[in-house]
Amino acid sequence: MDDTAAKREGHSLQHDESVQEVKRVKSDDRGAVEKSSEAPEAENILSAVTATKVLKDSAREKSIFIHGKLSAQLGDQEAVVIMESTPITEDTLGELFAKSKLRLESEGKVGTIYRLQAPPHLNAIKTTVVCPATDNHVKKYQRQETFLVEETDADYRSITLPYIEKHCLSVQWVCNILEKKAEVERIVYEDPDPDVGFILLPDFKWDQRQVDDLYLIAIVNQRNIRSLRDLRSTHLPLLKNIYKKGQEAILQRYQLPTCQLRIYLHYQPSYYHLHIHFTKLSYEVPGCSGERAHLLADVIQNLHLNSDYYKSQTMYFPLRADHGLMNKFKKAGRL
Ligand code: DD3
C-alpha cells in the first residue's frame, strides 16, 4: 500500500471485501506463531483469471504482481493478483528433510545442487487477490520511479494539508476495525482508552505463519491525528503507551523481545489516520528505510525536546511519480 495517492486510498478502501487472502497453507502446527486451525480449501478463483500484464516483480523479494481479468462467467472483472514465496522456517525442516523428493541438478567438487520438491502443504505461495481492482489499484502496484520531496512547514500548510483534506476524509477500513465491525478476531492487543488507547493487529502484508516477517500495526483510537506532522508533546502519553504496551503484547504473543523490533511511523503515510508499524528488525520490509520511516523512539525524544518539532521541521520523503501530491509540488515549483 505504499506511496499511493491519498485519494485512491479513500476510494479503494471502501471495498475491504475486495481484498481476499486466497491461500494460507503451511500446516505444521509446531511453528512459533500460534495459528488457528487450517483454513478449508477454497474454490480456485485463479483458474478463471487471465493474466494481462506483469505490473512488477522482484527476484530478491520472490514476488510478482499481476494485472488480470476474470472470465466472462465471473463478470469480466479486473483483478490484481499478488504472489509471494514465504520464508522457509525451522519448524518445517523435519518434514522437509524426511518427505521431499530430490532431483540432482549438478554435481561439483564443493557440493551438490538439488531441486527439492517439498510436500504440497510445505510448498504454498502466499496469494492475495484484489478484486474488483480499480485503475488505482493497478497503478499502485505498477513499478514507479520515486523522487525525494523537501517539505517545509510552509509547504505542508499550502500544499500537503489541502491535498489531504480534499482527498481523504475518512479511511473506512480503519473505522471498521476501531468500531469492531471488521477483523475483531485478529486483534492482538487492545487498549480501549479514548485518548491513549489503540488496537494492535497483524497488517495484511503478514500471513502470520512465521515470525520472520512479523508485521503488526497499531491503530490509534483518536480520530483527528492525520500523521507525524500533527504530533505535539500533548501526544506523548499516547505514543509512550503504544510503545510500551505494543512491545509487551508482542513479547507475550510472539516471544519477540523489543531489541528485535523496528517500531516506526511513515511520513508520508499511506492513509491519514495515525498508525504505528511494528516489524521484525531483521526483516527488510519496503518502507522501512530512512527516507520514509521515523522510529517511534526518536519521535518521542524529539517531541520531548520541542513540542513543535514536527510542526516546524522540514521533512523529506519519497513520492512515486504517479502520486497526486507530485503534481502539486511541481506546480508550486518545489520539484
Ligand atoms: C490495503 C492499505 C490497505 C489492498 C491491500 C491493503 N491491515 C488494509 C483493509 C484492511 C489493511 C491492512 C488496501 C486494508 Cl492488500 C488495498 O490495508 C486491512 N487490515 N493493511 C489490516 N489488518
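Here, every reference points to the structure presented above.
Residues numbered from 1 in each chain as written. Predicted model: local features only at pLDDT ≥ 70, side-chain atom pairs only at ≥ 80, totals over all residues. Heavy atoms only, no water.

A.B. asks: Give me the lowdown on the nonpolar core, citing residues and values where you can.
C.D. replies: Residues Leu-200, Leu-216, Leu-231, Leu-239, Ile-250, Ile-276 and Phe-278 are the most contacted members of the largest nonpolar core, which totals 62 residues. In terms of residue count, the dominant contributor to this core is helix 6 (residues 236-254) (7 residues). Apart from residues lying up to four places away in sequence, Leu-231 is in contact with Ile-225, Leu-239, Leu-265, Leu-274, Val-299, Leu-303, Ser-307 and Tyr-310. Core analysis: the second largest hydrophobic core is formed by 8 residues, Leu-55, Phe-65, Ile-82 and Val-130 among them. (Core = buried A, V, L, I, M, F, W, Y, C linked by side-chain atoms within 4.5 Å. Buried < 20%, exposed > 50% of the residue type's maximum accessible area, 1.4 Å probe, protein only. Helix = DSSP H or I, 4+ residues; strand = E, 2+ residues; numbered from the N terminus. Contact = heavy atoms within 4.5 Å.)

A.B. asks: Can you tell me about the pattern of salt bridges, naming the residues and giving the values?
C.D. replies: Scanning the model with the defined rule gives 21 salt bridges in all. Taking the shortest distance from any N to any O, the salt bridge between Arg-60 and Glu-61 comes out at 3.5 Å. Arg-60 sits in the exposed class, given a relative accessible area of 60%. Where Asp-203 meets Lys-205, a salt bridge forms, and the shortest distance between an N and an O atom there is 3.3 Å. Given a relative accessible area of 33%, Lys-205 falls into the partly exposed group. Several salt bridges share partner residues, and in doing so they unite Glu-150, Asp-155 and Arg-334 into one network. (Salt bridge = Lys/Arg side-chain N within 4 Å of Asp/Glu carboxyl O.)

A.B. asks: Hey, could you go over the environment of Tyr-283 for me, with residue numbers and the actual values?
C.D. replies: Within the secondary structure layout, Tyr-283 lies in the loop between strand 13 (275-280) and strand 14 (293-295). Looking at Tyr-283, the relative accessible area reads 23%, which means it is partly exposed. With 71 residues separating them along the chain, Tyr-283 and Asp-212 place their C-alpha atoms 6.7 Å apart. In this structure Tyr-283 touches Asp-212, Asp-213, Leu-214, Tyr-215 and Arg-262, once residues within four positions along its chain are discounted.

A.B. asks: Explain the side chain of Thr-89 to me, and be specific about the residues and the numbers.
C.D. replies: Position of Thr-89 relative to the elements: it lies in the loop between strand 4 (78-85) and helix 2 (93-99). Polar contacts involving the side chain of Thr-89 include one to the side chain of Asp-91, which spans 2.7 Å. In this structure Thr-89 touches Gln-210 and Asp-212, once residues within four positions along its chain are discounted. (Polar contact = N/O pair within 3.5 Å; in protein donor to acceptor, adjacent residues only side chain to side chain.)

A.B. asks: With reference to specific residues and values, describe helix 4 (residues 153-167).
C.D. replies: With 15 residues, helix 4 extends 20 Å between its outermost C-alpha atoms, agreeing within 8% with the 21 Å of an ideal straight helix rising 1.5 Å per residue. At Thr-160, helix 4 is bent by approximately 35 degrees, the largest bend along its length, and proline Pro-162 sits one to four residues beyond. Restricting attention to buried positions, one finds in helix 4 the residues Asp-155, Tyr-156, Ile-159, Thr-160, Leu-161, Tyr-163, Ile-164 and His-167. (Expected span 1.5 Å × (residues − 1). Bend = angle between axes of the 7 residues up to and from the residue.)

A.B. asks: Would you mind going over the packing of helix 6 against helix 7 (residues 296-305) in detail, with residue names and values included?
C.D. replies: Remark: helix 6 packs on helix 7, axes separated minimally by 10 Å, with the N-to-C direction vectors making an angle of 155 degrees. By the angle between their directions, the pair helix 6 and helix 7 is classed as roughly antiparallel. The chirality of how helix 6 crosses helix 7 is left-handed. On the side of helix 6, the interface is formed by Leu-236, Leu-239, Lys-240 and Tyr-243, while helix 7 contributes Leu-296, Ala-297, Val-299, Ile-300, Leu-303 and His-304. Taken together, the residues of the contact of helix 6 with helix 7 break down into 8 nonpolar, 1 polar and 1 charged. (Axes fitted to C-alpha atoms, helices over the stretch in contact; angles between N-to-C directions. Parallel < 35°, antiparallel > 145°, perpendicular 65-115°, else oblique. Left-handed = near helix turned anticlockwise from the far one by under 90°. Nonpolar A, V, L, I, M, F, W, Y, C, P; charged D, E, K, R; others polar.)

A.B. asks: Explain unusual backbone geometry residue by residue, including any values.
C.D. replies: Each neighbour pair has its own omega, and for Cys-131 with Pro-132 the value is 0 degrees, a cis peptide bond. In this structure, Pro-132 sits in the loop between strand 7 (125-130) and helix 3 (135-141). That bond from Tyr-267 to Gln-268 is cis: its omega, -5 degrees, falls within 30 degrees of zero. With respect to the helices and strands, the residue Gln-268 is situated in the loop between strand 12 (261-266) and strand 13. Positioned with a positive phi, Gln-255 is a non-glycine residue whose angle comes to about 55 degrees. Topologically, Gln-255 is positioned in the loop between helix 6 and strand 12.

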